[in-house]
Amino acid sequence: MSATSATDIRNVIIIGSGPAGLTSAIYTARANLAPLVIEGEPSSTSDQPGGQLMLTTEVENFPGFPEGIMGPELMVRFREQAVRFGAEVLTQKVSRVDLSGRPFGVWIGDPDAAEPTYKANAVIVSTGAQSLMLGIDAEKRLLGHGLSTCATCDGFFFRDQDIAVVGGGDSALEEAIFLTKFARTVTLVHRRDQLRASKIMQERAFANDKLRFLWNHVVDDVLGDTTVERVRVRNVETDELSDLEVSGLFVAIGHRPNTELFKGQLEMEDTGYLVTQNGTHTNVEGVFACGDVQDHTYRQAITAAGSGCMAAIDCERWLEHAEV
Amino acid sequence: MSAAIATLSDATFDEEIGSSTEPVLVDFWAEWCGPCKMVAPILDEIATEQEGKLRIAKLNVDDNPDVARRFGVMSIPTLIVFKDGLEAARIVGAKGKGQLLQEIAAFV
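Because the structure is predicted, anything quoted here is derived from the model rather than measured.

Novice: Would you mind showing me how to read the overall build of chain B here?
Specialist: Helix and strand counts for chain B come out as four helices and five strands. Tracing chain B from N to C terminus, the helices and strands come up as β-α-β-α-β-α-β-β-α. Its C-alpha atoms give chain B a radius of gyration of 12 Å, near enough to 13 Å, the size a compact globule of 108 residues would have. The principal-axis extents of the C-alpha atoms in chain B amount to approximately 30 × 30 × 25 Å.

Laid out in structure tokens, this is it:
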């Protein structure tokens, strides 16, 4: 299989490999479109092959798994199913796209190379979203040294310690509850006086006696030279500062879509989410978007997978009628 | 075939690292860590490609908390390169193959 020839024109290139991308791969592969999935590169802090579920533990709400399934395990299965039907998967990161004319250009490696690495008649964008960071200086110094965006990766190292989680949504509560398995106490710092999380997660959180809640506070700074020693929090009503004596801080304050690559080429909202219409069509004919990169409302594995299926069907129909 | 990747433990760590004539890259990992699973196949490849120059070894932090604590591992995957028995480089978090190779370029 020629992987590097500049004249290599694919039917469909799928960028991203979470539930959305891999479902679109399963469907386009079964439609004999021989999709190429560019799945990304491993990372603990940004986007990664398999998507956000790679950083989770038990997934309890994916239909078909009454006993639950581990997130990474579920994604391995998605991938195997796509490969079984002939999807080709590349563990690399797209560095640039040119969607201004067909066939579309997709670059891997040097974004300034004259010729794209691949060309494609259609592109399915499923690059997902990644955790928002706090945007403070301490982040660079302390990430991996008590400051973390991945409870499942790092929680283990905080056995019998006092730690904090910042955020108020489902992922924040999930992380906080998970961390109580190890930590002595977990303090949830939230900027409002109530949680955004689902009822079932809230009930579990309030019933957990290792979990404490610090309402109406935001994280102002993280202190410590080589490892987290204290977290400085600010009361949003009084502006009063205080310090939490914790050795770890887990950040779960929301997500941003991975749409850098498409700036100026695909229509997006102010928040960076891609705009889709009539199903999964973007403003560029032949380019489709699915999963969290275009969804800030539902953001579930099952909805991402559903929209991945939609994108594959939209793409297949479009290819049938387009003159490519 | 991939080159042999040694499995270290609290009991064997010092002996294995101390006696190695080549630099050893130790992968601190655990079964429950998704990003660790992404890095494992890359390390398999590197082990084969760098055979004779760099050894790759794995240490399960669940089963071997002492070594993990001794080296202050607070996040996995953490990759530490030991040269002449001493820590020479540390990479925290999962990385792609290209970036990993860059960061260990001094040892291969």
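Novice: Where do I start with the overall build of chain A in this structure?
Specialist: Scanning chain A from terminus to terminus reveals seven helices and 19 strands. For 324 residues, the compact-globule estimate of 2.2 N^0.38 gives 20 Å, and chain A sits close to it at 21 Å. Dimensions of chain A along its principal axes, counting C-alpha atoms only, are 65 × 45 × 35 Å. Taken across its 324 residues, chain A has 48% of its residues classed as buried. Here the analysis covers contacts within chain A between residues at least 6 apart in sequence; of these, 61% occur between residues at least 24 apart.

Novice: What's the story with the interface of chain B and chain A in this structure? I'm lost.
Specialist: For interface size, the figure often reported is the accessible area lost on association. Counting residues at the interface gives 19 residues for chain B, matched by 22 residues for chain A. When its residues are assigned to classes, the side of chain B that touches chain A shows 13 nonpolar, four polar and two charged.

Novice: Explanation requested: the pairing of strand 1 (residues 9-15) of chain A in the structure shown.
Specialist: The two faces of a sheet get side chains in turn, since along a regular strand they alternate between them. Residue and element names in this part refer to chain A. Buried residues dominate strand 1, accounting for five of its seven residues. When strand 1 meets strand 8 (residues 118-125), the two strands line up parallel, connected through six bridges. Bridging from a neighbouring strand, Ile13 pairs with Val123 of strand 8. Bridge count for strand 1 against strand 2 (residues 36-38) is three bridges, and the pairing is parallel.

Novice: What is the right way to look at the sheet that holds strand 14 (residues 217-223) of chain A in this model?
Specialist: Hydrogen bonds between backbone atoms are what pair the strands of a sheet, whose relative direction is either parallel or antiparallel. All names here are of chain A. Read across the open sheet, the three strands follow the order 14-15-16; overall the sheet is antiparallel. Only two strands of the sheet have a single neighbouring strand rather than two, namely strand 14 and strand 16 (241-244). Going from strand to strand, the sheet's axes swing by 30 degrees on average, the running direction of each strand aside. Sheet analysis places strand 15 (residues 230-235) next to strand 16, joined by four bridges and oriented antiparallel. Along strand 16, the bridge assignment pairs Arg234 with Leu241.

Novice: Is there a simple way to explain the sheet that holds strand 5 (residues 86-92) of chain B in this structure?
Specialist: All names here are of chain B. Overall, mixed pairing links the five strands, which are arranged 1-3-2-4-5 in an open sheet. Each edge of the sheet is formed by a strand with only one pairing partner; in this case those strands are strand 1 (6-8) and strand 5. Taking the axes of each pair of neighbouring strands and ignoring which way they run, one obtains an average angle of 25 degrees across the sheet. Two strands pair when backbone bridges link them, and strand 1 and strand 3 (residues 55-60) are joined in this way by three bridges, in the parallel orientation. Paired with Ala6 across the bridge in strand 3 is Ala57.

Novice: I would appreciate a short explanation of the environment of Gly254 of chain A in the present structure.
Specialist: Residues and elements named next belong to chain A. Here Gly254 shows up in the loop between strand 17 (248-251) and strand 18 (255-257). Counting along the chain gives 23 residues from Gly254 to Val231, while the straight-line C-alpha distance between them is 19 Å. Those residues in contact with Gly254, other than ones at most four positions away along the chain, are Leu132 and Gly169.

Novice: Would you take a moment to explain the domain arrangement of chain A for this structure?
Specialist: All names here are of chain A. The domain boundaries assigned to chain A delineate domain 1 (9-131 + 255-321) and domain 2 (138-251). One C-alpha centre belongs to domain 1, the other to domain 2, and the line joining them spans 31 Å. Facing six residues of domain 1, the contacting portion of domain 2 comprises seven residues. Residues that form the side of domain 1 that touches domain 2 fall into these classes: one nonpolar, five polar and no charged.

What counts, and where the lines are drawn
Residues numbered from 1 in each chain as written. Chains lettered and ligands numbered in written order. Predicted model: local features only at pLDDT ≥ 70, side-chain atom pairs only at ≥ 80, totals over all residues. Helix = DSSP H or I, 4+ residues; strand = E, 2+ residues; numbered from the N terminus. Rg over C-alpha atoms; globule rule 2.2 N^0.38 Å. Buried ≥ 20, exposed ≤ 12 C-beta atoms within 10 Å, placed from the backbone. Contact = placed C-beta atoms within 7 Å. Nonpolar A, V, L, I, M, F, W, Y, C, P; charged D, E, K, R; others polar. Pairing = 2+ DSSP bridges. Axes fitted to C-alpha atoms, helices over the stretch in contact; angles between N-to-C directions. Domains from an automatic or database assignment.

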